[in-house]
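Inside the fold
The primary structure of each chain is shown beneath.
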Amino acid sequence: MTAPLRTGEPTIVEVALGARAYDIVIGRGLLAELGSRIAALKPGAAAAIVTDETVAARHLGAAEAALGAAGIRATSIIVPPGEASKSWEKLQHVCDRLLDARIERSDVVVALGGGVVGDLAGFAAAILRRGLDVVQVPTTLLAQVDSSVGGKTGINSRHGKNLVGAFHQPILVIADTALLDTLPARDFRAGYAEVAKFGLLGDAGFFTWLEANWQDVFAGGSSSGSFAREHAIAIACRGKAAVVARDERETGDRALLNLGHTFGHAFEAAAGFSEKLLHGEAVALGIVCAFEFSTRLGLLPTNEAGRVADHLAAVGLPTHIREMPVRTDADALMTLIAQDKKVKRGKLTFILVRGIGKSFVASDVDPGEARAFLDQKLSG
Ligand SMILES: NC(=O)c1ccc[n+]([C@@H]2O[C@H](COP(=O)([O-])OP(=O)(O)OC[C@H]3O[C@@H](n4cnc5c(N)ncnc54)[C@H](O)[C@@H]3O)[C@@H](O)[C@H]2O)c1
Ligand SMILES: [Zn+2]
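1. A short note on the coordination of the zinc ion (ligand 2)
Summarising the metal site, the zinc ion (ligand 2) is bound by the protein donors Glu194 (OE), His261 (NE2) and His279 (NE2), whose distances to it range over 2.0 to 2.1 Å. His279 gets classed as partly exposed once you look at its relative accessible area, which sits at 24%.

Rendered as structure tokens:
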């Protein structure tokens, strides 16, 4: 673990992908540098900002001013907030508006928002004029540590989430940690589950650091005077960048990022992918399940599952399946897990753990074991 940041200087994490390498720049107040950083990468380019109504009301003016100050011609495209905007209809709308604004191959799309805007705008950029450059400016904690990095973009289909999309790496990610000051506490907490995930999947020292410093991460630099939030985001991004550089297209290691997600997706689906259970909340439940299931399978030398659950509960995340906002049972959950395309020849793929920071891909899990585990959790 690197030492926590002590200065307000931006931290730069490189995503090492050869000719498609790019920087993630992390720091408080970086939105003001949006124009100068784009101008440095693409002199003379025009920009189109894609954002949602909620983010537009809070941060679009500052983004437009930053582009204007650098002499960048800019247009803004605003979609409704929420998962429903990851649709064919909104994709068409964004593409048409980009063409209306005469955005050319040499120009740039700026995705200003959470994971929804990042996925939608990133996908529009991937397909319009056979590929436009995109700059990701994530405004949720989840987007800053996860969705803005790694190049997965896409929309949902009536057949399921994220089924239509493309790998399209950004040319730059600007994570302005001050933008998170306006994020509702519940969304911040949900994103924190993904931050903790990076410690739990491969960096035990980071998890220990989070246990001691999470309050400063939540408070942010403005009130605590520390750079704990920036540090946590930088370490999480470093973790994601390393995995993406090793396995950009998820043929192997990148699957480790799904720690907690096989159980989590089933919980999310059981709750109808609704506000009742946010993605990060489902991931928190799923992470605890992954640790407890690993314990049940005899993989954990000691009961570290309790330590994981204690930390996630301390920040206010749900950690027990009985905190699910809807009633469900083991059979229903197993059906959802099986639909999650992770079944091969009757065996399930899970990310399991041998300890905090020691995750691995297990592709031969017996569905009967998983079912028995869920049944026990739901009843006791
Ligand atoms: N591409 C990837 O690798 C990847 C990874 C993980 C998740 N995702 C996707 O990300 C999406 C979830 O992202 P999310 O959790 O960021 O949700 P989101 O984009 O819907 O944002 C959550 C809510 O917060 C609001 N908001 C955003 N920034 C704000 C701010 N600074 N202040 C106030 N309100 C703000 C939004 O308007 C929205 O209502 C899902 O669609 C998921 O599939 C993609
Ligand atoms: Zn996730």
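2. Comments concerning the side chain of Thr75
Residue position: Thr75 is located in strand β4 (residues 74-79). Not counting residues within four places of it along the chain, the set of residues in contact with Thr75 comprises Ala47, Ala48, Ile49, Arg97 and Ala101.

3. Remarks on the pairing of strand β8 (residues 160-167)
Relative to β8, strand β7 (residues 152-157) runs antiparallel, the two being bridged by five bridges. Looking at the pairing, Ile155 lines up with Val164 of β8. Taken together, β7 and the strand that follows it, β8, pair antiparallel across an intervening segment of two residues.

4. A closer look at the pattern of salt bridges
Applying the stated criterion across every chain, the model contains 22 salt bridges. Note that Arg20 is salt-bridged to Glu248, the shortest N-O span being 2.6 Å. Of this pair, Arg20 sits in the loop between β1 (11-15) and β2 (22-27) while Glu248 sits in the loop between α9 (228-246) and α10 (261-270); the two residues are 228 residues apart in sequence, bridging distant segments of the chain. Accessibility expressed as a relative area gives 44% for Arg20, which makes it partly exposed. Classification of Glu248 by relative accessible area gives buried; the value is 13%. The salt bridge partner of Asp181 is Arg28, with a shortest N-O separation of 3.1 Å. One end of the pair, Asp181, is in the loop between β9 (172-176) and α6 (185-202); the other, Arg28, is in the loop between β2 and α1 (34-41), with 153 residues separating them in the sequence. Classification of Asp181 by relative accessible area gives partly exposed; the value is 40%.

5. A few points about the site of ligand 1
Close to ligand 1 lie 26 residues; Asp52, Glu83, Thr139, Thr140 and Thr182 are nearest. In the environment of ligand 1, an oxygen atom lies 2.8 Å from a nitrogen or oxygen atom belonging to the backbone of Gly115. Within the backbone of Leu179, an N or O atom sits 3.0 Å from a nitrogen atom of ligand 1. In isolation ligand 1 has 870 Å² of accessible area, and contact with the protein removes 86% of it. If you list the elements that add at least two residues to the shell around ligand 1, you get α2 (53-69), α4 (115-127), α5 (141-147) and β8. Ranked by residue count, the leading element in the shell around ligand 1 is α2, at four residues. The residue makeup of the shell around ligand 1, split by class, is seven nonpolar, nine polar and 10 charged.

6. A word on the sheet that holds strand β5 (residues 108-113)
With mixed pairing, seven strands are arranged side by side in an open sheet as β1-β2-β9-β6-β5-β3-β4. Each end of this open sheet is capped by a strand with a single partner; those strands are β1 and β4. On average, each strand axis in the sheet is inclined to that of its neighbour by 20°, with strand direction left out of account. Here strand β3 (residues 47-52) pairs with β5 via five bridges, running parallel. Counterpart to Thr51 in the pairing with β5 is Leu112.

7. Remarks on the packing of helix α11 (residues 279-296) against helix α14 (residues 367-379)
Two numbers describe how α11 lies on α14: the axes approach to 11 Å, and their chain directions differ by 115°. With respect to α14, the axis of α11 lies roughly perpendicular. Helix-helix and strand crossings are classified by hand; for α11 and α14 the assignment is right-handed. Packed against α11, whose contacting residues are Cys289, Glu292, Phe293 and Arg296, the element α14 presents Glu369, Ala370, Ala372, Phe373, Gln376 and Lys377 at the interface. The residue inventory of the contact of α11 with α14, partitioned by class, reads five nonpolar, one polar and four charged.

8. Quick look at the packing of aromatic side chains
For any two aromatic rings, the description comes down to two numbers: the centre-to-centre distance and the angle of the planes. One pass over the structure, following the stated rule, counts nine aromatic pairs. Relative to Phe218, the ring of Trp214 lies with its centre 5.5 Å away and its plane at 85°, an arrangement referred to as edge-to-face. Highlighted residues: Trp214 and Phe218, both in helix α7 (residues 204-219), separated by four residues, approximately one helical turn. Judged by centre distance (5.6 Å) and plane angle (50°), the ring pair of Phe263 and Phe373 falls under tilted. Remark: Phe373 occurs in helix α14 and Phe263 occurs in helix α10; sequence separation between them is 110 residues. Phe373 carries the same exposure label as Phe263, and that label is buried. Counting every residue linked through ring pairs, the aromatic cluster contains Phe188, Tyr192, Trp214 and Phe218. Here the guanidinium or amino end of Lys197 rests over the ring plane of Phe198, the centre of that ring lying 5.2 Å away. Against the face of Phe360 rests Arg354, its NZ or CZ located 3.9 Å from the ring centre.

Cut-offs used in this document
Residues numbered from 1 in each chain as written. Chains lettered and ligands numbered in written order. Predicted model: local features only at pLDDT ≥ 70, side-chain atom pairs only at ≥ 80, totals over all residues. Heavy atoms only, no water. Donors = N, O, S within 2.8 Å, 3.2 Å for Na, K, Ca; no water. Buried < 20%, exposed > 50% of the residue type's maximum accessible area, 1.4 Å probe, protein only. Helix = DSSP H or I, 4+ residues; strand = E, 2+ residues; numbered from the N terminus. Contact = heavy atoms within 4.5 Å. Pairing = 2+ DSSP bridges. Salt bridge = Lys/Arg side-chain N within 4 Å of Asp/Glu carboxyl O. Near = heavy atom within 4 Å. Polar contact = N/O pair within 3.5 Å; in protein donor to acceptor, adjacent residues only side chain to side chain. Areas by Shrake-Rupley, 256 points an atom, 1.4 Å probe, with all protein chains shown as cover. Nonpolar A, V, L, I, M, F, W, Y, C, P; charged D, E, K, R; others polar. Axes fitted to C-alpha atoms, helices over the stretch in contact; angles between N-to-C directions. Parallel < 35°, antiparallel > 145°, perpendicular 65-115°, else oblique. Left-handed = near helix turned anticlockwise from the far one by under 90°. Phe/Tyr/Trp six-rings, centres within 6.5 Å; stacked < 30°, edge-to-face > 60°. Lys NZ or Arg CZ within 6 Å of the ring centre and 35° of its normal.

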